[in-house]
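So you can see what is in the structure, the chains are spelled out below.
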Amino acid sequence: MTSTTLILLALMASAFSLAGYRFYNVLAPVLRGAKSNRFDHPADRVTGVLKDVGLHRRLLRKTYSGLLHGMIFAGFLVLFTAIIQSFGSGLYSGFSLAGIGGSTWIAFAQEVFAILIVVAIAMAAYQRFVWKPARFAGSNTADAWIIYGLVLCVVATMVFEAAFHLLAAGQENSWRPLSTTIAHGLGTLGFGQEAAHISERVFYWAHIGAVLSFLIYIPGSKHRHIVTAIPNIYFRETRGKGVLSPGREADNGLGISDIDQFSWKHKLDLISCTECGRCQEACPAHAAGLPLSPKKVIMDLRDHMFERQKGCAGDISLVGGVIKEETLWACTTCRACMDVCPVHIEPMTKIIEMRRTLIDDGSVEPMLQDALVSLQRNGNSLGKPARQRARWTKDLGFKIKDAREEPVDILWFVGDYASYDPRVQRITLQVARLMKDAGVDFGILYDAEQNSGNDVRRTGEEGTFEVLAKSNIEALANCTFNRIMTTDPHSLNALRQEYRMFGCDYEVVHYTQLLLELLEAGKIVPANGGGKIVTYHDPCYLGRYNGGFDAPRSIIELSGYKLHEMGRCRENSFCCGAGGGRIWMDDRTMVERPSENRIKEALSLGDIEIFVVACPKDTVMYTAAAQALGAEDRISVRDVIDLVRTPT
């Protein structure tokens, strides 16, 4: 065994032992995490990994960042061949990749991607230290510098080792244009073959050192996502099992009050965060000036987990200490943070878990407490008696079927705001009249309907959610129907997704889907939009939660309107600020309400006449926002139902 082999083995043993020890300290709290069933739908999980890792699907939503990351990612895959060559030749005499193209096409690929990595590092440095996106605030800048330096060392030592090898051998290699050019330059500086041979060995060991240093450093760096990203994406929340089941991973059934109660997947999230800040940038609460940054929530939980691992966490409480109460109540549960994260971290579900602890402790702001009390007493958040739920039907001029007493094709789950709020009742009446005129066989539950519980659950009030859900399920069980329709995306999500936990699997459609079906069947006709320019707001619980992006747009197009999309649309839509129980909370501390931010975005397009919505809460929020901004004469908030009519 040669001295080179012995030294290399010693260095590798030391580096791998140290890196392994550091990784163990990082992974130990994850391995102790509570149970979580993330092993279902393996085909979907693998497909997601291929898309988000291999194709950079989410990363490329930000072209500049996605491109530079893709260049580094691809570069390291290619340069791994150089690492294999370096370590292989040191461990085994005569080892070479020449037989499979190591000195031809592989060599050329190494040269090309070495350049691309250097360019990408320059782009990353420019982005972080010159451009300075706000989303990077609070991230570990020193860590970025160290990683950039180590990556450059790995690349530079590889290239200079190759250049000195060519110079020492007195050769040129057209497959290595960069190294050949550098070798020519070194020759003009007076490097002879003997000096070149010595320098080759120096850069060989420097390359080995850079690679092993990188390996040792990674476990303690945010760049450990190199290792954790793939499993974290694989074990992501899947749509196949229902879009969200907050609170179901806590062993005590009461939410999370201690870091060790989080499941292993929640903890894997914490060590996988790259601190890129995309979640923070997408967060409506953060934009509104509320004390919530999803990125900082993850970072604070991670740091607390590591402090606990070292026995240094002291007596600081998780809820109210590590994560402040006002931070937890700021979340709108729009799920934007989860849908933009390149590695599928779930800040929102952690917030909901911790909210349950606040509910259990009675730490609830007065307005929310009043809403929850009303929900428990009356089955709605507006303080109205159940017998008034169907009072709006008296203005119709015809009787809607009582689905409890006779079979119907469509059971219309109306929802609280559509039933009680005067600002929304106009739309509710219009939907009812249109379905009647189109010959739809439909009915409602009258006073048997209660709040679906969707937002109740997201406040952390699991008990009230279950009471409401079971009451609705019991009412539905006594009805005969084919499909459930609702104008409320929040109710849609609860009925379609959340009620599955009780063994109910209803076919639930949003009313825009039914309207589109009626349009295509000729039972209703589009209004004549006359080419007016409109924009459309994607409701969070219709779009991100349930994939309902296309039906409203098809109706707009068929109705003769010209759709001018806002920059934040479809999956990247910006929340109105009402979700997660925020509509029941005080918003006076906001710098700018999310709904006002959104109206300003629509106005910035310059030519918009109508702001189209498809959610009762959006009608309430955006009508108020347009009034607050004094923009009612410039933009009109209208529901999708206003774009269609029945044939005359």
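Above: the structure in question.
Predicted model only: the values in this text are computed from it and were never measured.

Calculation rules
Residues numbered from 1 in each chain as written. Predicted model: local features only at pLDDT ≥ 70, side-chain atom pairs only at ≥ 80, totals over all residues. Heavy atoms only, no water. Patch = residues over 30% accessible without salt bridge, like charges linked within 9 Å, V, L, I, M, F, W, Y side chains within 5 Å. Areas by Shrake-Rupley, 256 points an atom, 1.4 Å probe, with all protein chains shown as cover. Salt bridge = Lys/Arg side-chain N within 4 Å of Asp/Glu carboxyl O. Lys, Arg positive; Asp, Glu negative; His and termini not counted. Charge placed at Lys NZ, Arg CZ, Asp CG, Glu CD. Helix = DSSP H or I, 4+ residues; strand = E, 2+ residues; numbered from the N terminus. Pairing = 2+ DSSP bridges. Contact = heavy atoms within 4.5 Å. Axes fitted to C-alpha atoms, helices over the stretch in contact; angles between N-to-C directions. Buried < 20%, exposed > 50% of the residue type's maximum accessible area, 1.4 Å probe, protein only. Right-handed = clockwise from strand over helix to strand, strands pointing away. Parallel < 35°, antiparallel > 145°, perpendicular 65-115°, else oblique. Left-handed = near helix turned anticlockwise from the far one by under 90°. Nonpolar A, V, L, I, M, F, W, Y, C, P; charged D, E, K, R; others polar. Expected span 1.5 Å × (residues − 1). Bend = angle between axes of the 7 residues up to and from the residue. Phe/Tyr/Trp six-rings, centres within 6.5 Å; stacked < 30°, edge-to-face > 60°.

Let's talk about a negative patch on the surface
A contiguous patch of negative charge, built from Glu325, Glu326, Asp360 and Asp361, is present on the exposed surface. Those elements that provide at least two residues to the negative patch are helix H13 (325-329) and helix H15 (347-361).

So, the sheet that holds strand S1 (residues 401-402)
Adjacent strands of a sheet pair through backbone hydrogen bonds, lying either parallel or antiparallel. Read from one edge to the other, the open sheet built from five strands follows the order S1-S3-S2-S4-S5, with strand pairing classed as parallel. The sheet is open, and its two edges are formed by S1 and strand S5 (508-510), each paired on a single side. In the packing of helix H21 (residues 489-496) onto the sheet, the strands contacted are strand S4 (483-486) and S5, and the crossing angle to S5 comes to about 165°.

A look at the side chain of Thr332
Mapping Thr332 onto the fold places it in the loop between H13 and helix H14 (336-340). Apart from residues no more than four positions distant in its own chain, Thr332 is found in contact with Pro284, Cys575, Gly577, Gly579, Gly580 and Arg582.

A few points about the pattern of salt bridges
According to the stated counting rule, one finds 40 salt bridges in the structure shown. When the shortest N-O distance is used, the salt bridge between Glu517 and Arg483 registers 3.0 Å. Taken together, the residues Glu517 in helix H22 (residues 511-520) and Arg483 in strand S4 connect sequence positions 34 residues apart. By relative accessible area, which is 15% here, Arg483 ends up buried. Of the charged contacts, one joins Asp538 and Arg553 as a salt bridge, the two residues approaching to 2.6 Å between their closest N and O atoms. Note that Asp538 is positioned in the loop between strand S7 (533-536) and helix H23 (550-558) and Arg553 in helix H23, a separation of 15 residues in sequence. One exposure class covers both Asp538 and Arg553, and it is buried.

Observations regarding the side chain of Asp618
In this structure, Asp618 sits in helix H25 (residues 616-628). Despite its burial, Asp618 remains without a salt bridge, the nearest opposite charge being carried by Arg598 at 8.3 Å.

Things to note about the pairing of strand S10 (residues 636-639)
Here is the key point about a regular strand: its side chains alternate between the two faces of the sheet. Burial along S10 is one-sided: Val637 and Asp639 are buried, while Ser636 and Arg638, pointing the other way, are not. With four bridges connecting them, strand S9 (residues 610-613) and S10 associate as parallel partners. Across the sheet, Val612 pairs through a bridge with Arg638, a residue of S10. Where the polypeptide runs from S9 across H25 and back to S10, its parallel neighbour, the crossover connection is right-handed.

Observations regarding unusual backbone geometry
Even without a glycine there, the phi angle at Lys132 is positive, about 55°. The residue Lys132 is located in the loop between helix H4 (105-131) and helix H5 (141-169) in this model.

Focus: the pairing of S7
Residues Ile533 and Thr535 point to one face of S7 and Val534 and Tyr536 to the other, with burial holding for every one of them. The pairing of S7 with strand S8 (residues 562-563) spans two bridges and is parallel. Bridge pairing links Val534 to Leu563 in S8. With respect to chirality, the unit in which S7 leads through H23 into the neighbouring parallel S8 is right-handed. Here S7 pairs with S9 via three bridges, running parallel. Note on S9: the bridge partner recorded for Thr535 is Phe611.

Details of the environment of Leu178
Here Leu178 shows up in helix H6 (residues 177-188). It is 62 Å that separates the C-alpha atoms of Leu178 and Glu507, two residues lying 329 residues apart in sequence. Beyond its immediate sequence surroundings of up to four residues, Leu178 is in contact with Glu111, Ile115 and Val159.

Section: a nonpolar patch on the surface
Among the surface-exposed residues, Trp105, Phe108, Val112 and Trp175 lie close enough to one another that they form a single nonpolar patch of about 400 Å² accessible area. Relative to the helices and strands, Trp105 is located in helix H4. Residue classification places Trp105 among the exposed positions, given a relative accessible area of 53%.

A short note on the packing of helix H18 (residues 422-437) against H25
Between H18 and H25, the shortest axis-to-axis distance is 9 Å and the interhelical angle comes to 135°. Classified by the angle between their axes, H18 and H25 sit oblique to one another. Here the hand of the crossing between H18 and H25 comes out right-handed. Between H18, through Arg423, Val424 and Ile427, and H25, the contact on the second element is made entirely by Pro616, Thr619 and Val620. Taken together, the residues of the contact of H18 with H25 break down into four nonpolar, one polar and one charged.

Here we look at the environment of Met12
The residue Met12 is located in helix H1 (residues 3-31) in this model. A residue is classified by how much of its surface remains accessible, and Met12, at 17% relative accessible area, is buried. If we ignore the near neighbours within four places in the chain, the residues touching Met12 are Phe87, Leu91 and Leu212.

Some details on the sheet that holds S7
The strand order across the open sheet formed by four strands is S8-S7-S9-S10, and the pairing between neighbours is parallel. Of all the strands in the sheet, just S8 and S10 have a single pairing partner and so form its edges. Against the sheet, H23 touches S7, S8 and S9, its axis set at about 175° to S7.

Thoughts on H1
Each turn of an α-helix holds 3.6 residues, which means side chains three or four residues apart point in the same direction. Over its 29 residues, H1 extends 40 Å from the first C-alpha to the last, a length consistent with the 42 Å expected when each residue adds 1.5 Å. Where H1 bends most, at Asn25, the angle is about 30°, and the proline Pro29 comes one to four residues later. Three or more residues of H1 are buried, namely Thr5, Leu8, Met12, Ala15, Ala19, Phe23, Val26, Ala28, Pro29 and Val30. Those residues of H1 that are buried lie in contact with helix H3 (63-91), helix H7 (193-217), helix H8 (225-234), helix H9 (264-272) and helix H12 (294-310).

As for the packing of aromatic side chains
Taken as a whole and judged by the stated rule, the model has 20 aromatic pairs. A ring pair is formed by Phe164 and Phe191, whose centres lie 5.3 Å apart and whose planes are at 65°; its orientation type is edge-to-face. Separated by 27 residues along the polypeptide, Phe164 in helix H5 and Phe191 in the loop between H6 and H7 bring together distant segments of the chain. Using a relative accessible area of 3% as the deciding quantity, one classes Phe164 as buried. Arranged with centres 6.0 Å apart and planes meeting at 35°, the rings of Phe465 and Phe502 form a pair that is tilted. Residue Phe465 is located in helix H20 (residues 462-477), and its partner Phe502 is located in the loop between H21 and S5; the two are separated by 37 residues in the primary sequence. For Phe465, a relative accessible area of 0% translates into the label buried. Look at Phe502 and you get partly exposed, because its relative accessible area is 25%. Put simply, the rings of Phe39, Tyr234, Phe235 and Trp264 touch in pairs and so form one group of aromatic residues.

Description of a positive patch on the surface
A cluster of basic side chains, namely Lys384, Arg387, Arg391 and Lys394, defines a positive patch on the protein surface. In this fold, Arg387 is placed in the loop between helix H16 (366-378) and S1. Owing to a relative accessible area of 68%, Arg387 belongs among the exposed residues under this scheme.

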